[in-house]
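# Observations on the model geometry
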Amino acid sequence: MLNKISIIIIVKNERGIADTLAHLVAQEKPVPTEILVIDASHPDTLKDIKEKYSDVKWHQFVPKIANKSSIPEQRNCGVKKAEGDIIVFIDANCIPVGGWLTKLTAPILSGEEQITAGPFGSVNISSRIVSTKENLHEYLTCSGTGNLAFRKSVWEKVGGFDENFLYGSDVDFTWRCVDADYRIRSVPDAAVSHDWGTQAENLKRSFKYGKARADLLMKHPHRARKQLFGESIFVLVYTVWLLGLPLTFFFPWYPLTIILLMLRNINRKPIQTVMLNLTYTLGFLKRFFMKKILRIN
């Protein structure tokens, strides 16, 4: 089989893509490789970076609906334009380790696997949005697209990324891959790091990802019990804490029980982690009640 790799980066105003491209250009290429950028920014925003990396294929993207998150649309656009039969996604602002591309794609090139994923870590802050624990296992139950590779035929079989999602379409995609009996092979030494920015940016992102988790569990209700009593059990814990806030009228000290949650995260930047978990849970609850109670799409 003649293999070609297409590395796809979706971007909207992230100037950190310049560092990502610099590292990608320097990567060892195990087979012929192209780099595609699907850019939803204003045409002039990243013009200087585009001109610097003239060998990169740059597509100026216009979403179907203005002012709506175009992330899954951009991903699908990138795969459609890709010439390679192996698709590799990495996010803007990500820095891959040396040999990343070779390590990530080796199980696919050898014919052993159809999908691989590497660790996706933060360079600056503990975040609920990113989890690298599961990447220690041989096979994963899901993955984001910050560090993901798969045969294009997989994308074709499962129907691509669901463009109804604002966020979370990557998890939905990999859940559907697993449901279609594909295995997501973990490649622990094919790591990328990501600068998540300021605490305020992390809180805003955490709220959006909480909303996305609600959308995901409503689309995949068969996963809800396992998720809410497993990986996402913190959502139930923080929901109980929030529902208990009216007790403050009778027990003024009740809000101080948040300290117990901080102690449970004593080794994970407790204040930041609790704040991220709270905003995530608030996003989850807002989206859940809007869709299930008010029936808003």
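See the structure shown above.
Residues numbered from 1 in each chain as written. Predicted model: local features only at pLDDT ≥ 70, side-chain atom pairs only at ≥ 80, totals over all residues. Heavy atoms only, no water.

### Structural notes on the sheet that holds strand β8 (residues 139-140)
Note the cut-off: We treat two strands as partners when DSSP finds at least two bridges between them. By definition, any uninterrupted DSSP run of H or I lasting at least four residues is a helix, any uninterrupted run of E lasting at least two residues is a strand, and each is numbered from the N terminus.
One open sheet accounts for eight strands, arranged β3-β2-β1-β4-β9-β6-β10-β8; its pairing is mixed. Among the strands making up the open sheet, the edge pair consists of β3 (57-60) and β8. Relative to strand β4 (residues 86-90), strand β1 (residues 5-11) runs parallel, the two being bridged by four bridges. Bridge pairing in β4 places I7 opposite V88.

### Details of the pairing of strand β2 (residues 33-39)
Inclusion rule: Relative accessibility under 20% of the residue-type maximum defines a buried residue, over 50% an exposed one, and the middle range a partly exposed one, all with a 1.4 Å probe and only protein chains included. When the strands point away from the viewer, a crossover counts as right-handed if the route from the first strand across the helix to the second turns clockwise.
Where burial is concerned, most of β2 is hidden: six out of the seven residues are buried. Inspection of the sheet shows β1 paired to β2 by seven bridges, in the parallel sense. Residue S6 lies in a different strand from β2, and its bridge partner there is E34. Remark: the β1/helix α1 (residues 17-26)/β2 crossover connection has right-handed handedness. When β2 meets β3, the two strands line up parallel, connected through four bridges. In the strand pairing of β3, D39 is matched with Q60. Running through helix α2 (residues 47-52), the crossover from β2 to the neighbouring parallel element β3 is right-handed.

### Let's talk about the packing of aromatic side chains
Quick reminder of the rule: Paired rings are identified among Phe, Tyr and Trp, the last through its six-membered ring, by centres lying within 6.5 Å, and are further divided according to the angle between planes into stacked (under 30 degrees), edge-to-face (over 60) and tilted (the rest). The rule is short: NZ of Lys or CZ of Arg within 6 Å of the ring centre and within 35 degrees of the ring normal puts a charge over the ring.
Within the structure shown, the criterion is met by 11 aromatic pairs. Aromatic ring contacts, followed pair by pair, group F89, F150, F161 and F173 into a single cluster. A cation over an aromatic ring shows up here: R75 above the ring of F161, its NZ or CZ 5.6 Å from the ring centre.

### What to know about the side chain of R223
Basically, it comes down to this: Each polar contact in these results corresponds to two N or O atoms within 3.5 Å; when the atoms are within protein, one needs to be able to donate a hydrogen and the other to accept it, and residues that are neighboring in sequence are counted only if both atoms are side-chain atoms. Contact definition: two residues touch when any of their heavy atoms are within 4.5 Å.
By the element assignment, R223 lies in the loop between α7 (199-219) and α8 (224-228). A polar contact of 3.2 Å, which involves the side chain of R223, links it to the backbone oxygen of W175. When neighbours within four sequence positions are excluded, R223 is seen to be in contact with W175, V178, D179 and L217.

### Observations regarding the packing of helix α6 (residues 169-179) against α7
Inclusion rule: Angles shown run from 0 to 180 degrees and are taken between the N-to-C directions of axes, each axis being a line fitted to C-alpha atoms and, for helices, limited to the stretch in contact. An angle counts as roughly parallel when it lies under 35 degrees, as roughly antiparallel when it exceeds 145, as roughly perpendicular when it falls between 65 and 115, and as oblique in every other case. In this scheme, a crossing is called left-handed if the near helix is turned counterclockwise away from the far one by less than a right angle; it is called right-handed if the turn is clockwise.
With their axes 10 Å apart at the nearest point, α6 and α7 run at an angle of 25° to one another. Taken as axis vectors, α6 and α7 run roughly parallel relative to one another. The element α6 and its partner α7 pack so that their crossing is right-handed. Together, V171, D172, W175 and R176 of α6 and R213, L216, L217 and K219 of α7 make up the contact between the two elements.

### Focus on the pattern of salt bridges
We count it as follows: Criterion for a salt bridge: a side-chain nitrogen of Lys or Arg within 4 Å of a carboxyl oxygen of Asp or Glu.
In the structure shown here, the tally under the stated rule is 15 salt bridges. Among the salt bridges present, the one from K219 reaches D162, with a minimum N-O distance of 2.7 Å. With K219 in helix α7 and D162 in the loop between α5 (152-158) and α6, this residue pair connects regions lying 57 residues apart in the sequence. Accessibility expressed as a relative area gives 36% for K219, which makes it partly exposed. D172 serves as the salt-bridge partner of R176, at 3.0 Å between the closest nitrogen and oxygen. Taken together, the positions of R176 and D172, both in helix α6 and four residues apart, correspond to about one turn of that helix. Like D172, R176 is buried.

Everything listed here is a matter of geometry and, on its own, says nothing about what the molecule does.
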